[in-house]
Amino acid sequence: MKAIICSLCYVIFAPLIGGLLDGLDRKISARMQGRVGPPLLQPFYDLNKLHNKQLIAVSKSQTFLMISYLLMMILTGALFYAGYDILMCFFVMSTASTFLYFAAIVTGSPYSTIGASRELIQMMAYEPAVLLACVGFYLCMGTFDVAKIINSVVSPIVYLPGFFIAFVFILTIKLRKSPFDISTSHHAHQELIKGLTTEFGAKNLALFQLTEWYEVTFLCGVVGLFIINSNPISIIGAIAVVFVVWFLEILIDNCSARVKFDLMLKISWIVTLLSAGVNLLILMINR
Amino acid sequence: MTLGFFLICFPIIMSLIIFCIRVNKIRNFIAYLSTIIIMAAVGVFTFFWVKNGSQIMQLSIGEITEAVDKLILIAELILMVVVTILCFKYKKYWISLLSIVPTLLIAYFELFLKNEADTDIRLYIDHLSILMCLIVGVIGCLIVIYAVGYMHGYHHHHIDIEDRRYYFFMILFMFLGCMFGFVLSENLLWIDFFWEMTSVCSFLLIGYTKTEEAINNSFRALWMNLLGGCALAVAIVYFGIKAQTVSFHSLIIMGQRISDHSDMWVLMPIALIAFAAFTKAAQFPFSTWLIGAMVAPTPSSALLHSATMVKAGIYILFRLSPAMAGTRVGLMVSFIGGFTFFAASVIAIAQSDGKKVLAFSTISNLGLMVACAGVGRAETIWAGVFLMIFHAISKSLLFQDVGATENSIHSRDVEDMHGLLYRLPRLAIIMFIGIAGMFLAPFGMLISKWSALKASVDESNILLVFFICFGSATTSFYWTKWMGKIISHEHTDEEKVRDITKKNELISLIVHAILMITLCAFFPLLSKLYVDSLLMEMFGTYEDVLPISILYILVAIIIFVFAIPFFAYIASKKMKTNIKLSYMNGINVGNNNEFVNSFGDPKQVWMSNYYFHKKIGQRKLMMPIQVFTTAWIVVLLSMIISSAI
Amino acid sequence: MSMVKKSPWVLHYDGSSCNGCDIEVLACLTPVYDAERFGIINTGDPMQADILLLTGGINSQNQAVVKQLYDQMPRPKVVVAIGVCACTGGVFKECYNIIGGADTTVPVDIYVPGCAARPQAIIDGIVQAIDLFQKRSDEHELLMKNKGKKADLKTKENNNSSDKGNEA
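Residues numbered from 1 in each chain as written. Chains lettered and ligands numbered in written order. Predicted model: local features only at pLDDT ≥ 70, side-chain atom pairs only at ≥ 80, totals over all residues. Heavy atoms only, no water.

Draft legend 1. Quick peek at the environment of N42 of chain C. Its place among the elements puts N42 of chain C in strand β2 (residues 41–42). C-alpha of N42 of chain C to C-alpha of W9 of chain C: the two residues are 33 residues apart in sequence and 6.2 Å apart in space. (Helix = DSSP H or I, 4+ residues; strand = E, 2+ residues; numbered from the N terminus.)

What follows is the structure in structure tokens.
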């Protein structure tokens, strides 16, 4: 019962949370750049405007692929917040990302295709860290189930600092922030126009934006999972850590320039191997 | 049971008959008839076994046991002679040694050193054997049906190659019989014979086209497999002398019961058999034969080199896995398997030839199965069995599809499959289903990875955890980019490609696709009903590998993955979408295929995938990989052998 | 009536200009004037843009391009011609290669004269464009609703006429 309520809360409130976080992101970035910045609710105005435009697409299949992407991502978050198996959640998320890739590549347009290929490379870069994070949870908690992990006595991060670092590192890739925003970027038109989302107009872009918010809420939940333990006060701690991480991402985004994909691949894999790897080694030896 | 014996002998007899028939139409008809009989026989065999309570059956063949043993020995000697003659004919003298030495060793052992009081059990039937029989019977026969149509088109197209279809089909049927014999045998000497037979069948099939490249590749396959055969022979003789029995299951049971140092000698034959399995399953450093085998016509690639023969190595490793758990042999096997899984998937990214991608992906998946066997826990074998089933179906489907596509568009390069969905819709959809079955959630591969990861952590096998995590990332990369290629918009306005796929090819493909989807949908059921009992037989204990909650989530996810795109498609059909040109900075000519160049003329758009072949291509990585894996095997084998003596 | 004017996304295209007006347009979008506080984002993708800013004159090479970009934008959309070259062809009007201002190719809604047009004038033009965008969006919404109503109305009419026919 509790699981269903949590999932429903996620399905209903995640867009709000995601949108607010997005608005906060733009506001803070603007202030960092010495500007005033858009109002906090700007992402919702954007979504509203996109919704009211004429429905366009380059290929007829794009719409249903984007709808599938949205629904699969909602499923991922719903499974996570209902307390089920975290590894399965990430597997479902990888399927959702595949739908996004299809929606971009079915058009055959040059910018879209290059953006989609880069998106695949991004997926290859972050997947080991994500899987290793799940392995880390299994190692120290003995289970993949989120419902059991949040009831542990000690916060998982005490045992899993390396995994946490690796996960936060690849969060930069997942949130599409500089220096790893090679496939599509939130900012004004870059080297690939809009990369992956070039051929997404109106409704399709709105679906993409909405799905990003669901994804952000899910990923922040995973970051919080590292902190939460059976003590209810830890929830406040988790939210604080999530905000700190979020701020760090915005800071890195504003301070760095985009790198090429091979550098991104190398750096993410090396960081994963070193931080998650060493942590894994230590945990296994101490078993 | 006589049916088991029938399964072994019937295809061999049919192969000899087929060899004699040179009229295509009659031979095709007999081929169809035989495949239907074999499939029916497998079905009946399974049915009777299930009806009798799905028990383990150890059968002897009565008074003719000694005669059959002698017959097999003579057949092995004939095989040795054939191989030697061929080696001399093509001036590869040293390879004949690899055949002569083990065969004579086995002959000497059988005639002089064998224990006469040894058991006369020859056939062993349990869940794993029945599963292998089903795979070989159903998929093998479907491939033969496919081959009839394919070879017709093949010879129509390749006029320079001598039409020896009677020979081709003879070897296919011979091979089917040998595989049945292999998976049903209990006696190690029989296993050795059928092993050598499959090696020679593979060798003959690769060299079918008789081009220089084919001949070189076939001899490479031969010496690698024969090297495995040597190891197998030494293992059998050693075990036979020390334990005074050549029963396969005695070996396994003794391996499980190692309690102190004096029992350590059992590990040596197990290690040598595992080594032989490496050569058969094309693990690094023995992978080049499988890559080279792609020059053979597609049915042989599908049958031998993806769906069935390489599974023989996996089957042996699965049988040995309870004995390998926690030992040095297990360490050797799991490392080679995991490393192969990762390294082969990296090289697969750099391949653009469709068959080469499939070959490397086969090696990679086999690596994962080998690693599962090496870890030796119930969970990894569960994962490995499912991997095996899914891989057999989807890989044979993909090979057949690539072959049929090659016949139609005259190229098997993935780049030429751009927009295949609009040019050859049926083949493209089936290809899509095949690739999806290989790696997408929630299909078999994914849940196997889940289980393998969990078990590796439980076994504290750190390296395997890394290999699986990194390997899974690289695997999804090369599969997804192929899928994207198929559905991408077609850029050339070529006239419609004629789909010349024959009916029998299509039948095989569609049956495969249906099997694939059914298995994906129903595999939780399969796990509960069949695989759990398989594990019970192997390990003797019954732990629920897949907890109930996971099963329910899995079923829910399967339903969602099928339902969501379907309903989304229906919903989007109703929306009035205004179609726009794709964005090319405003210089789109108007057909999404061309843009206006600086002279004002239209220029073709050409999009390609990433391959990175300069960084991670076969040429760059193969040598270091082979050196590294050879060193690992040499070191570990020496450790095991020295501790045994 | 949804508040779409809170999020006007801009696409800037330069025809055959001296780049003076371009720089002024970009100056508007810099932190000094901070157009983002109105929700204005300079996207490069016509499919995601609402307001098309054109600078520079139209010549035979870029006429097709401007037309294509305009066509790729989804409705409701607004076109703003910035600088006197985009308005009428400006100083280059009599040149052999210049066809004229932006209105030779696409329907222009707002003209911002000047050579180069100053940021204050440009922002004034954009503000008017945003209001026009809101108005167009409301009309578009009404049209979409009426389309649905029209379809219902047509079926009702058909039913009525068939009844009448039966009566007669």
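Draft legend 2. Summary view of empty space enclosed by the protein. Residue and element names in this part refer to chain A. By the definition in use, this model includes twelve cavities of 30 Å³ or more. In this structure, the largest cavity spans a volume of roughly 130 Å³. Along the walls of the largest cavity sit 13 residues, with L175, H186, E212, V216 and W246 positioned nearest its centre. Of all the secondary-structure elements, those providing two or more residues to the lining of the largest cavity are α1 (2–32) and α8 (202–225). Among the elements that make up the lining of the largest cavity, the one with the highest residue count is α8 (five residues). By residue class, the composition of the lining of the largest cavity is four nonpolar, three polar and six charged. (1 Å grid on protein atoms, 1.4 Å probe; cavity = no way out; pocket = protein on both sides within 12 Å on 5 of 7 lines; lining within 4 Å. Points joined across faces, edges and corners; volume = space filled by probe spheres on them. Nonpolar A, V, L, I, M, F, W, Y, C, P; charged D, E, K, R; others polar.)

Draft legend 3. Quick peek at the interface of chain A and chain B. The interface is formed by 61 residues belonging to chain A together with 61 residues belonging to chain B. Counting the surface lost from both chain A and chain B, the interface buries some 5600 Å², and carbon and sulfur atoms represent 78% of this. The partner of K615 of chain B in a salt bridge is D262 of chain A, and the shortest N-O contact between them spans 3.2 Å. Inspection of the region where chain A meets chain B yields eleven residue pairs in polar contact (both at pLDDT 80 or more). Going through the elements one at a time, β1 (56–57), α3 (61–81), α4 (86–105), α5 (110–141) and α10 (261–285) of chain A are the ones with two or more residues in the side of chain A that touches chain B. With 16 residues, the top contributor of residues to the side of chain A that touches chain B is α5 of chain A. Residue classes in the side of chain A that touches chain B are distributed as 40 nonpolar, 14 polar and seven charged. (Contact = heavy atoms within 4.5 Å. Buried area = accessible area lost by both parts, 1.4 Å probe. Salt bridge = Lys/Arg side-chain N within 4 Å of Asp/Glu carboxyl O. Polar contact = N/O pair within 3.5 Å; in protein donor to acceptor, adjacent residues only side chain to side chain.)

Draft legend 4. Highlighting the pattern of salt bridges. Within this structure, the stated rule accounts for 26 salt bridges over all chains. Across the pair D25 of chain A and K177 of chain A runs a salt bridge whose closest N-O atoms are separated by 2.7 Å. Residue D25 of chain A is located in helix α1, and its partner K177 of chain A is located in the loop between α7 (161–174) and α8; the two are separated by 152 residues in the primary sequence. As far as the burial class goes, D25 of chain A and K177 of chain A line up, both buried. One continuous salt-bridge network, built from bridges that share partners, spans R26, R35 and D46 of chain A together with D34 and E36 of chain C. (Buried < 20%, exposed > 50% of the residue type's maximum accessible area, 1.4 Å probe, protein only.)

Draft legend 5. Local environment of the pairing of strand β2 (residues 121–125) of chain B. Residues and elements named next belong to chain B. Here β2 lies mainly inside the structure; five of its five residues are buried. Relative to β2, strand β1 (residues 57–60) runs antiparallel, the two being bridged by four bridges. Residue pairing for β2: L59 is matched across the bridge by L123. (Pairing = 2+ DSSP bridges.)

Draft legend 6. Fine view of the sheet that holds strand β3 (residues 51–55) of chain C. All names here are of chain C. What the five strands build is an open sheet, ordered β2-β1-β3-β5-β7; its pairing is parallel. Only two strands of the sheet have a single partner each, and these edge strands are β2 and β7 (110–112). Bridge count for strand β1 (residues 9–14) against β3 is five bridges, and the pairing is parallel. In the sheet register, D14 faces β3, and the bridge partner there is T55. Contacts from helix α1 (residues 20–28) reach β1, β2, β3 and β5 (78–82), with the element oriented near 145 degrees to β3. (Axes fitted to C-alpha atoms, helices over the stretch in contact; angles between N-to-C directions.)

Draft legend 7. Region of interest: the state of the cysteines. For the coordinates displayed, the defined rule picks out zero disulfides over all chains. In this model C140 of chain A remains outside any disulfide bridge; the closest cysteine sulfur is found in C134 of chain A, 12 Å from its own. With no disulfide of its own, C21 of chain C lies 6.3 Å from the sulfur of C18 of chain C, the closest cysteine sulfur. Residue classification places C21 of chain C among the buried positions, given a relative accessible area of 11%. (Disulfide = S-S within 2.5 Å.)

Draft legend 8. Geometry of the nonpolar core. By size, the foremost hydrophobic cluster in this structure holds 346 residues, and its most contacted members are I86, F167 and L280 of chain A together with I316 and W482 of chain B. If one sorts the elements of this core by residue count, α5 of chain A sits on top with 18 residues. When near neighbours in sequence (up to four residues on either side) are disregarded, W482 of chain B contacts G354, V357, L358, V402, V414, M417, M431 and I435 of chain B. Of all hydrophobic cores here, the second largest spans 25 residues; its members include Y583 of chain B together with Y13, V65 and A81 of chain C. (Core = buried A, V, L, I, M, F, W, Y, C linked by side-chain atoms within 4.5 Å.)

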